[in-house]
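Residues per chain, in single letters:
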Amino acid sequence: MKKDCVFCKIIAGEIPSEKVYEDNLMIIIKDINPQVKKHFLLIPKKHYANIVEMSLEEAVELGESLKTLSTLVDDLGLQDGFRLVSNKGGNARQTVEHLHIHILGGELLSDKMG
Ligand code: AMP
Ligand code: ZN
């Protein structure tokens with residue numbers, strides 16, 4: 001856990017969140033400021049800033065978490081499709097320096113990626 005990291009605090013239960021899934025590797029919460037009808041964040045429990053800082057072990061665990069996500073598609077109401085996005089750095093406007101994957105769906109998304 002990193003001091004002053006909002007997602008570490010959510011994982012530790014120090015900040016409330018709308019959690020829709022949790023296991024030993026990750027949580028999935030509702031984004032507090034949804035950009036589309038269904039906007040979730042998949043957040044690894046281990047703190048690292050982005051995929052550039054990710055270790056091989058963390059990459060394997062993230063892969064496991066994505067496989068878990070594939071089993072939750074119906075539960076999350078994403079059966080008509082969804083988009084995964086992970087921002088890294090200033091040009092991508094990353095605001096929280098703890099890796100997270102945006103899960104976007106619930107409606108027809110823009111055909112533009114940025
Ligand atoms: P990014 O710009 O990729 O770093 O995305 C950070 C995301 O975290 C934004 O979509 C925020 O709305 C979301 N966010 C920030 N604080 C919270 C929080 N306390 N609970 C849920 N989502 C949050
Ligand atoms: Zn953190």
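For clarity, every value in this text was computed on a predicted model and none was experimentally measured. (Residues numbered from 1 in each chain as written. Chains lettered and ligands numbered in written order. Predicted model: local features only at pLDDT ≥ 70, side-chain atom pairs only at ≥ 80, totals over all residues. Heavy atoms only, no water.)

(A) Representation of the coordination of the zinc ion (ligand 2) in the model. Around the zinc ion (ligand 2), the donor atoms from the protein are Cys5 (SG), Cys8 (SG), His47 (ND1) and His98 (ND1), and they sit 2.0 to 2.3 Å away. With four donor atoms in place around the zinc ion (ligand 2) and angles of 104 to 115° between them, the coordination shape is tetrahedral. All donors to the zinc ion (ligand 2) come from one chain, and their sequence spacing reads C-x2-C-x38-H-x50-H. Using a relative accessible area of 3% as the deciding quantity, one classes cysteine 8 as buried. (Donors = N, O, S within 2.8 Å, 3.2 Å for Na, K, Ca; no water. Tetrahedral: all angles 85-135°; square planar, octahedral: opposite > 155°, others 65-115°. Buried < 20%, exposed > 50% of the residue type's maximum accessible area, 1.4 Å probe, protein only.)

(B) Structural view of the site of ligand 1. Around ligand 1 there are 15 residues in total, and Asp31, Asn87, Thr95, His100 and His102 lie nearest to it. In the model, an oxygen atom of ligand 1 is placed 3.0 Å from a nitrogen or oxygen of the valine 96 main chain. Separating an oxygen atom of ligand 1 from a side-chain N or O atom of histidine 100 is a distance of 2.9 Å. In isolation ligand 1 offers 500 Å² of accessible surface; the protein chains occlude 84% of this area. Given that more than half its atoms are within 2 Å of the pocket grid, ligand 1 belongs to the largest pocket. Going through the elements one at a time, α1 (6–11) and β2 (26–30) are the ones with two or more residues in the shell around ligand 1. When grouped by side-chain class, the residues that make up the shell around ligand 1 number six nonpolar, six polar and three charged. (Near = heavy atom within 4 Å. Polar contact = N/O pair within 3.5 Å; in protein donor to acceptor, adjacent residues only side chain to side chain. Areas by Shrake-Rupley, 256 points an atom, 1.4 Å probe, with all protein chains shown as cover. 1 Å grid on protein atoms, 1.4 Å probe; cavity = no way out; pocket = protein on both sides within 12 Å on 5 of 7 lines; lining within 4 Å. Sits in = over half its atoms within 2 Å of the grid points. Helix = DSSP H or I, 4+ residues; strand = E, 2+ residues; numbered from the N terminus. Nonpolar A, V, L, I, M, F, W, Y, C, P; charged D, E, K, R; others polar.)

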